[in-house]
Amino acid sequence: GENVEQHPSTLSVQEGDSAVIKCTYSDSASNYFPWYKQELGKGPQLIIDIRSNVGEKKDQRIAVTLNKTAKHFSLHITETQPEDSAVYFCAASPDNYGQNFVFGPGTRLSVLP
Amino acid sequence: DVKVTQSSRYLVKRTGEKVFLECVQDMDHENMFWYRQDPGLGLRLIYFSYDVKMKEKGDIPEGYSVSREKKERFSLILESASTNQTSMYLCASTSLSEAFFGQGTRLTVV
């Protein structure tokens, strides 16, 4: 089955710097890759996703890149702000259906003022 | 505003107790899920349901059961709680590709 690895497990950056979180997956059939953000005391929330027919997607300060050949995808956050501090989860799925999501172990991002 | 609501934020139960975790969604979603969240392990799927009275095992169903009597409500049941079930439990429902999560229930079994 699918296996998703995520690095780093913790990341500290200064406010205004960029942050990059990387995930690798094992199943070449995976074609949908969402990223979720979990703030303290809350459930995870979708922040951006990408499908296999696209190499990059941007939404304001966040972007996701996908390399299907190498089976890895990355989350990029630019101009980080304190409210970006959270745990971020990547996931991979062969389709759009939630029961097939396999999540990475998570990255705790701390943005230092 | 879409909502998935879990009945308790924190629970403390004794070993051997039967424990019910309740989840309600107001989005008329057919698919609902229960995950367990542990440090370094991410979110692991316990059970999911794609319709009323239907249930499917996820990756770690042992020690758990579920109930879905109404479309909006999905319950996770620990038949006889054990200390290794101490964890954060997250309920979710999905509209096609996006999963909407509840705020989580932190369960401690003593």
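Rules used throughout
Residues numbered from 1 in each chain as written. Chains lettered and ligands numbered in written order. Predicted model: local features only at pLDDT ≥ 70, side-chain atom pairs only at ≥ 80, totals over all residues. Heavy atoms only, no water. Pairing = 2+ DSSP bridges. Helix = DSSP H or I, 4+ residues; strand = E, 2+ residues; numbered from the N terminus. Axes fitted to C-alpha atoms, helices over the stretch in contact; angles between N-to-C directions. Contact = heavy atoms within 4.5 Å. Buried area = accessible area lost by both parts, 1.4 Å probe. Salt bridge = Lys/Arg side-chain N within 4 Å of Asp/Glu carboxyl O. Polar contact = N/O pair within 3.5 Å; in protein donor to acceptor, adjacent residues only side chain to side chain. Buried < 20%, exposed > 50% of the residue type's maximum accessible area, 1.4 Å probe, protein only.

Caption draft 1: Region of interest: the sheet that holds strand S7 (residues 62–67) of chain A. Residue and element names in this part refer to chain A. One open sheet holds the five strands; their spatial order is S1-S3-S8-S7-S6, and the pairing between them is antiparallel. Each edge of the sheet is formed by a strand with only one pairing partner; in this case those strands are strand S1 (4–7) and strand S6 (56–59). Direction aside, neighbouring strands of the sheet carry axes that sit 15° apart on average. Here S1 pairs with strand S3 (residues 19–25) via four bridges, running antiparallel. Residue pairing in the sheet places Gln6 in a bridge with Cys23 of S3.

Caption draft 2: Examining the interface of chain B and chain A more closely. With 20 residues of chain B in contact, the opposing surface of chain A contributes 18 residues. Of the roughly 1,500 Å² buried between chain B and chain A, counting both surfaces, carbon and sulfur atoms make up 57%. Contact with chain A buries surface across chain B, with Leu43(B), Leu96(B) and Ser97(B) losing the most and accounting together for 31% of the total. In this structure, the connection of chain B to chain A is made through zero salt bridges. Linking chain B with chain A are four residue pairs in polar contact (both at pLDDT 80 or more), by the criterion used here.

Caption draft 3: Representation of the pairing of strand S4 (residues 31–38) of chain B. Residue and element names in this part refer to chain B. In terms of burial, S4 is a largely internal element, eight of the eight residues being buried. Residue alternation in S4 divides its side chains into two sets, Asn31, Phe33, Tyr35 and Gln37 and Met32, Trp34, Arg36 and Asp38, and both sets are buried. In terms of strand pairing, S4 meets strand S5 (residues 42–49) through seven bridges, oriented antiparallel. Pairing of Trp34 across the sheet is with Tyr47, part of S5. Between the antiparallel neighbours S4 and S5 lie three residues, among them Gly40 with a positive phi of about 80°.

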